[in-house]
Amino acid sequence: MPYDPELPSEAQFMTSSAHSSDAARAPVEIRAAGICKSFARHPALNDVSLDVRPGELLALLGPSGSGKTTLLRVIAGLEFPEDGQILFDETDVTFAAAAARGVGFVFQQYALFRHMTVAQNISFGLDVRKGGARPDKAERARRVEALLKLVELEGLGGRHPAQLSGGQRQRVALARALAVEPRVLLLDEPFGALDATVRKSLRRELRRIHDATGVTTVFVTHDQEEALELADRVAVMSRGQLEQVGTPAEVYAHPSSAFVAGFVGDANRFCGQMLHGRFTSGALSVSAPGVADGAAEAFIRPHHFEMATDDLSGDSVTARLERLVANGPYARLEARLTDGRIVDAIASHAQLGDLPPAGGEIVLKITGGHVFASA
Amino acid sequence: MSGQTPIRPNQDPGWLRTLILSTVVLFMSVMVGLPLITVFAVGLSKGLGPAMEAIREHDALAAVGLTLFIAAIAVPFNAVFGVCASWAIAKHSFRGKSFLVSLIDLPFSVSPVVAGLVYVLVFGLQGWFGPWLIDHNIKIIFAVPGIVLATVFVTFPFVARELIPLMEAQGSDEEEAAVSMGASGLATFLRVTAPNIRWGLIYGVLLCNARAMGEFGAVSVVSGHIRGQTTTMPLHVEILYNEYDFVGAFAVAGLLCLMALATLALKTLVEIARPEVGGHAV
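Residue positions are counted from 1 within each chain, in the order its sequence is given. Key to labels: chains lettered from A, ligands numbered from 1, both in the order written. The predicted nature of this model means local features are confined to residues of pLDDT at least 70 and side-chain atom pairs, given and counted, to a pLDDT of 80 or more, with totals for whole chains, interfaces and linings taken over all residues. Side-chain metrics rest on all non-hydrogen atoms present in the structure, leaving aside hydrogens and water.

Draft legend 1. The arrangement of the sheet that holds strand E6 (residues 103–106) of chain A in detail. Residues and elements named next belong to chain A. Spatial ordering of the open sheet is given by E6-E7-E8-E3-E9-E10, a layout of 6 strands whose pairing is mixed. If you trace the sheet from one side to the other, it starts and ends with E6 and strand E10 (241–246), each paired once. Between one strand and the next, the sheet's axes are offset by a mean angle of 15 degrees, whatever the strand orientation. Between any two strands, at least two bridges found by DSSP are needed for them to pair. Segments assigned H or I by DSSP are reported as helices when at least four residues long, segments assigned E as strands when at least two residues long, and all are numbered from the N terminus. For strand E3 (residues 57–61) and strand E8 (residues 216–221), the ladder comprises 5 bridges, and the chain directions are parallel. Directly across from Leu-57, in E8, lies its bridge partner Thr-217. For helices, the fitted axis covers only the stretch in contact; all axes are lines through C-alpha atoms, and the angles between them, taken along N-to-C directions, range from 0 to 180 degrees.

Structural data, given as structure tokens:
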């Protein structure tokens, strides 16, 4: 577990609280096995199995309608599956109530209690405990203060949610979910409603808080950049099924299906035919050993098109330079193939001198790509 | 006049606004204001004495008591029913939900007289349960229980109608959050749902109360008009009027008006006090 020595010591109270036994504090492993769930006979989850390792930060990534939020809610105990099992470590919690599982849930629209102050929101989970399980008033106040400090909202405990910005509300929601000392933290599109700048800083914040608390965390997102940047591992979902689970690097470099190749990272997509280990689509032809003959799809990332100079071994394609955008670390090229299709490619700034003016002819060497037989 | 009045965009010209406003004021004065004034004018036409006498008369006092008694039963009942119904409808999805919503609207669309007749048919002497009720010496029709039933029927949409759109707009995220943090069903309702709907609830209860005190049609059918026993204030007014006791009729009507106006004043106060956001913590 990465540890940030800059953290305020209060931030560690989650791991050192006297109220919890060591067993309860050890990060939990979540295992979902064969989960099926449908809404109005429309399948939302179709035999999904997923293991979340203890203490990891896992992203459920997929387009809307892929079932990622449903899976999160099944893990949380806000929905119950028609078939399958949810295990927290060795305990079967498939039909346990949300509270009994010890999950903290952060809702997409925050779902803060609008008539309560920030401090009352955060201490709600402690206030509703019964008898001896409820910490005394001073202890609850101390914890609220520590959590406000953790999410960097000190001094705002007396405000009402309506008086906060979107980013601040999200932090309150996070603090409220953490107040019950959850064994598992679940977040549904946590940054969906925020603007780009706030989203970026809150992303780092979530990573910092996750590392400080060590709680097994699952978050749902449709933003592949967010998933790749923030998560230890990414689970890609599509149409109620799990497509691939792996580290961001694995999912990006070795997509296991056409869907993952197209959804994670930028890629030029080609529909074509496989014949004798070669994929052909119009003017483009690349070798793809091991793919069955017949209809196929190829995904070639912009950086897999390299500016060819003299070495013309391997696959290459001739194109006309249409547009050049050179405002980032790389220059982005739009090139038109001889069959009229436009592809995105990338060139380093060092190569810019070799480029012809717009409309000139270039040769793109194909250094990689993913070919999948069409289902 | 060549003075330039600044015309704000998206606003009607001054003459048009004046015309519309005066039309509204004129209409309201003739249709609402004038009758209201007439009630008090006729009631007090022979001075305060006879009016007070008409109100202090035994049957009139009984009518006032019965009206308050009916409202005291019907309003809390419908408040509880309304909260339950809107909770079920707004926070859950189930088969036949839209049918239930239409059913709640039924008392608004069915004539109160029909509602009264239905109760007579069911609970009356010749009704379905009539013989059984006689055997057990239970009187519903032409007695207070019948009046309560009729009033409950006529007023039951008020609270639910007020709360359903409010609860639907608020969604069930907050309740889910509370439950996920370990709050019981009751704690969730008391700490999260109730504070969010309290203003809508008060508003619905006041409207419900105004209608419960004023209901005539359904009550008239089931009451039997036994003076001093089963006449509510509206029925008592009718009896006095039919006996050509105009001062008495209008005096009691004036009192009924005052009760309704008090309810309206309370409603306005609620609207003024109602905070735009948040409100104070519970």
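Having seen the model, we can carry on.
Draft legend 2. Molecular detail of the interface of chain A and chain B. The partner chain B presents 22 residues to the 24 residues of chain A that form the contact. Carbon and sulfur atoms make up 61% of the surface buried where chain A meets chain B, a total of about 2,000 Å² over both sides. Among the residues chain A hides against chain B, the three largest losses belong to A:Arg114, A:His115 and A:Phe124. Together they make up 32% of the total. Any carboxyl oxygen of Asp or Glu within 4 Å of a side-chain nitrogen of Lys or Arg constitutes a salt bridge here. The tally of links from chain A across to chain B stands at 2 salt bridges. The closest approach of N and O atoms between A:Arg114 and B:Glu174, which form a salt bridge, is 2.6 Å. When checking whether two residues touch, look at their non-hydrogen atoms; a contact exists if any pair is within 4.5 Å. Summed over both partners, the accessible area (1.4 Å probe) lost when two parts come together is defined as the buried area.

Draft legend 3. Quick look at unusual backbone geometry. All names here are of chain A. For Asp-89, which is not glycine, the phi dihedral falls at a positive 55 degrees. Not every positive phi belongs to a glycine, and Glu-181 is a case in point at roughly 50 degrees. Following the sequence through the fold, Glu-181 ends up in the loop between helix H7 (166–179) and strand E7 (184–188). Classification of Glu-181 by relative accessible area gives buried; the value is 8%. Accessibility here uses a 1.4 Å probe with only protein chains present; expressed as a share of the type maximum, an area under 20% marks a residue as buried, one over 50% as exposed, and anything in between as partly exposed.

Draft legend 4. Representation of the side chain of A:Ser238. Residues and elements named next belong to chain A. Inspection of the secondary structure assignment puts Ser-238 in strand E9 (residues 233–238). A relative accessible area of 8% places Ser-238 in the buried class. Beyond its immediate sequence surroundings of up to four residues, Ser-238 is in contact with Ser-66, Glu-243 and Phe-259.

Draft legend 5. Spotlight on the nonpolar core. We define a nonpolar core as any set of buried Ala, Val, Leu, Ile, Met, Phe, Trp, Tyr and Cys residues linked to one another through side-chain atoms lying within 4.5 Å. A:Leu60, A:Phe88, A:Phe124 and A:Leu186 are the most contacted members of the largest nonpolar core, which has 41 residues in total. Counting residues per element, this core draws most heavily on helix H3 (residues 68–76) of chain A, which supplies 5 residues. Those residues in contact with A:Phe124, other than ones at most four positions away along the chain, are A:Phe113, A:Met116, B:Ala178, B:Met181, B:Ala183, B:Arg191 and B:Val192. Grouped together as the second largest cluster of nonpolar side chains are 40 residues, A:Val172, A:Ala175, A:Leu185 and A:Ala227 included.

Draft legend 6. Structural detail: the packing of aromatic side chains. The rule is short: rings of Phe, Tyr and Trp, with Trp giving its six-membered ring, pair when the centres are within 6.5 Å, and they are stacked under 30 degrees, edge-to-face over 60, tilted in between. Going through the model one piece at a time under the given rule, you end up with 13 aromatic pairs over all chains. Measuring from centroid to centroid gives 4.7 Å for A:Phe105 and A:Phe107, while their planes differ by 55 degrees, and the two rings are tilted. The residues A:Phe105 and A:Phe107 share a single accessibility class, namely buried. For the ring pair A:Phe259 and A:Phe263, a centre distance of 5.3 Å and an interplane angle of 15 degrees mean the geometry is stacked. With a gap of 4 residues between them, A:Phe259 and A:Phe263 both fall in helix H11 (residues 258–263), about one helical turn apart. Every member of this aromatic cluster is reached through a ring pair, and the members are B:Phe81, B:Tyr119, B:Phe123, B:Phe153 and B:Phe156. Geometrically, a charge over a ring is one whose NZ (Lys) or CZ (Arg) sits within 6 Å of the ring centre while staying within 35 degrees of the ring normal. The ring of A:Phe113 carries the charged tip of A:Arg176 above its face, separated from the ring centre by 4.6 Å. Over the face of the ring belonging to A:Tyr252 we find A:Arg301, whose NZ or CZ atom lies 4.1 Å from the ring centre.

Draft legend 7. Examining the sheet that holds strand E12 (residues 278–281) of chain A more closely. All names here are of chain A. Taking strand neighbours across the sheet as the criterion, the 5 strands line up as E13-E12-E11-E14-E20 in an open arrangement whose pairing is antiparallel. Both outer strands of the open sheet, strand E13 (284–287) and strand E20 (370–373), are each paired with one neighbouring strand and no more. Ignoring which end each strand starts from, the neighbouring axes of this sheet average 30 degrees apart. One ladder, built from 4 bridges, connects strand E14 (residues 294–300) with E20; its direction is antiparallel. Across the sheet, the residue bridging to Glu-297 is Phe-372, located in E20.

Draft legend 8. Summary view of the pattern of salt bridges. Residues and elements named next belong to chain A. Within the structure shown, the criterion is met by 34 salt bridges over all chains. Of the charged contacts in the structure, one is a salt bridge between Glu-139 and Arg-143, with a shortest N-O distance of 3.2 Å. Taken together, the residues Glu-139 and Arg-143, both in helix H6 (residues 137–150) and 4 residues apart, mark about one turn of the helix. Overall, the relative accessible area of 16% leaves Glu-139 in the buried class.

Draft legend 9. Spatial organisation of empty space enclosed by the protein. As defined here, a cavity is a set of points on a 1 Å grid over the protein atoms alone where a 1.4 Å probe fits but cannot get out. A pocket is an open set with protein on both sides within 12 Å along at least five of seven lines, and residues line them when an atom is within 4 Å of a point. Grid points are joined across faces, edges and corners, and a volume is the space filled by probe spheres set on the points. Using the criterion set out here, one finds 2 cavities of 30 Å³ or more in the structure. Approximately 50 Å³ is the volume attributed to the second largest cavity. What lines the second largest cavity is simply A:Val103, A:Gly104, A:Phe105, A:Phe107, A:Arg176, A:Ala177, A:Val180, B:Ala177, B:Ser180 and B:Met181. At the level of secondary structure, the elements contributing two or more residues to the lining of the second largest cavity comprise E6 and H7 of chain A together with helix H9 (173–180) of chain B. Ranked by residues supplied to the lining of the second largest cavity, first place goes to E6(A) with 3 residues. Amino acids outside the nonpolar list (Ala, Val, Leu, Ile, Met, Phe, Trp, Tyr, Cys, Pro) and the charged list (Asp, Glu, Lys, Arg) are all regarded as polar, and Gly is one of them. Grouping the amino acids of the lining of the second largest cavity by side-chain chemistry returns 7 nonpolar, 2 polar and 1 charged.

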